Amino acid sequence: MTASDSSQVDLVGAELTRNIVRAALFAALLGAFSQVSFSIPFSPAPITLQLLGVYLAGILLGPVWGGGACVLYLLAGALGAPVFAERASGLGVMVGPTGGYLFAMPIAAVIIGMIVHGNTSLVDPSQRGVGRLLAGLISGTVVIYTCGVVGMMVLLDFTVQGAITAGALVFLPGEALKIAAAIGIVRSDAITAA
Amino acid sequence: MLSYAPGSSVAHRLDPRTKLFVQIAIAIAAFAHTTPRGLLILTAITGIVLVSADLDPRGVLRELRWLLVLTTMGPVFSVLVFGPPWIDLYRAIDPAMASYRVLCLLLVSVAYVRTTPVRDSRAAIEWFIPGRLGRGLGLGVGLVFRLLPVLLADVSRLRMAIDARAGTQRPLHDRIRRLTLGSLRRLFDRVETLTMALQARCLSWNPTTPPLGFEVIDWPALVLAFGLLGWAVV
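*Asks:* For this particular structure, what's the right way to read the side chain of serine 183 of chain B?
*Replies:* In this fold, serine 183 of chain B is placed in helix H9 (residues 172–200). When its relative accessible area of 2% is taken as the criterion, serine 183 of chain B is described as buried. Only 2.7 Å separates the side chain of serine 183 of chain B from the backbone oxygen of leucine 179 of chain B, close enough to count as a polar contact. With residues up to four places along the chain from it excluded, the contact list for serine 183 of chain B reads Leu29 and Phe33 of chain A together with Val155 and Leu158 of chain B.

Quick look at the structure:
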């Protein structure tokens, strides 16, 4: 590189660098959480922590960067990072059985972030009331499961009853647990978004 | 685990934009023609894609077994009827074709994953989405690829540590809370370190990504992609 070239280097600002790093780390955490599964009593389906990661992205990073983290997660997965459940990756997963849920993740993170933070400027989520956190998380969950069920109907030709049974009802006990965990973590003051 | 592996197959030598375009064209055509004849053509194209990537379909199917189980649930749920005769096999035909379509698209996407390094995918993103948005997405995707093994190791170590301290006897919500809190603490510690490291290395909007260029080998693939798109709208 010549001396004249070096003057054309366009540096990324400090705040933006920090936000990109936070979003990328959260996207990688979503990938790691997708591989963690727990069996829950009285349910045939084990739960992963993937959606808990989406909830926390919306709450801790806010609507813009929480949604951005989910977009990075999907893009990296589509391009080959083994971030989806069972270390799957590729564009094919996006049009597969879980495609609807995946596409809904950024939307859910944005909605959760908007309800929790009120607008795009971030507030300390631990100071938000339980009702507000609950409203955000339930809205996000409804969006994810609605898109997931519609996705199963469109992509795999499930019947409405089949899609709701296999794609939503069996997972609801686990989601209630994750919503409770997300609220407990955020209200515990044990972490603060860097 | 299905991930990039260096090689010299035809698919390895294709431009990443060509491979993405072919994948999208195959998906659009598959959705437009989910008929026995359409699926026969899709099967042939999937076979060509796998051969071009030097992939053994049996090995790929083994890796995708979890998704395959989910994919077959459509036909299984569809044959069940709430009332006599309780089972109606005829209702499984359309879901079975939809499931087979998904299976083919999964195999095609594995060929991309197996033959495309992340730096090429990043360059393709920056070509498809010009400006700072594309650069930012390319940068972010590159970071996710690099950071995923680190975060996986963090979460795995934490889970082992929790289990070693009678974690399996704790209530489930407590185990989830401990694992998530530990993971988030490490994540936010890494934010500081990584931000500083990137700034110290002068993170810029004008990085040097690999040059992209269509070669002669790309033309047949591009013709196939345009042909599939044309077929999809017929």
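*Asks:* Explain the pattern of salt bridges here, please?
*Replies:* Two side chains with opposite charge may pair up if their charged atoms get near one another. All names here are of chain B. Under the counting rule described, the total for this entry stands at 14 salt bridges over all chains. Put simply, arginine 157 and aspartate 154 hold a salt bridge, and the shortest N to O gap is 3.1 Å. In this pair, arginine 157 and aspartate 154 both sit in helix H8 (residues 131–164), three residues apart, roughly one turn of the helix. Since its relative accessible area comes to 47%, arginine 157 is described here as partly exposed. For aspartate 154, a relative accessible area of 2% puts it in the buried group. Where aspartate 174 meets arginine 178, a salt bridge forms, and the shortest distance between an N and an O atom there is 3.0 Å. Remark: arginine 178 and aspartate 174 occur in helix H9; sequence separation between them is four residues, near one turn of the helix. Through salt bridges that share partners, Asp154, Arg157, Arg186 and Arg190 make up one connected network.

*Asks:* It is not clear to me how the interface of chain B and chain A should be interpreted in this structure. Could you clarify?
*Replies:* Think of interface size as the accessible area that goes away when the parts come together; that is how it is often given. The interface is formed by 68 residues belonging to chain B together with 73 residues belonging to chain A. Regarding the contact of chain B and chain A, the summed buried area is about 6200 Å², with carbon and sulfur atoms giving 80% of it. At the junction of chain B with chain A, the criterion picks out two salt bridges. In this structure, the salt-bridge partner of glutamate 192 of chain B is arginine 18 of chain A, at a minimum N-O distance of 2.8 Å. A breakdown of the residues in the side of chain B that touches chain A according to their chemical character gives 43 nonpolar, 15 polar and 10 charged.

*Asks:* I'm lost on the side chain of glutamate 126 of chain B in this one. Help?
*Replies:* All names here are of chain B. Its place among the elements puts glutamate 126 in helix H7 (residues 118–128). Take glutamate 126: its relative accessible area is 13%, and that puts it in the buried class. If sequence neighbours within four positions are ignored, glutamate 126 has contacts with Gly134, Arg135, Gly138, Leu139 and Thr209.

Rules and cut-offs
- Residues numbered from 1 in each chain as written.
- Chains lettered and ligands numbered in written order.
- Predicted model: local features only at pLDDT ≥ 70, side-chain atom pairs only at ≥ 80, totals over all residues.
- Heavy atoms only, no water.
- Helix = DSSP H or I, 4+ residues; strand = E, 2+ residues; numbered from the N terminus.
- Buried < 20%, exposed > 50% of the residue type's maximum accessible area, 1.4 Å probe, protein only.
- Polar contact = N/O pair within 3.5 Å; in protein donor to acceptor, adjacent residues only side chain to side chain.
- Contact = heavy atoms within 4.5 Å.
- Salt bridge = Lys/Arg side-chain N within 4 Å of Asp/Glu carboxyl O.
- Buried area = accessible area lost by both parts, 1.4 Å probe.
- Nonpolar A, V, L, I, M, F, W, Y, C, P; charged D, E, K, R; others polar.

That is the geometry; function is a separate question.
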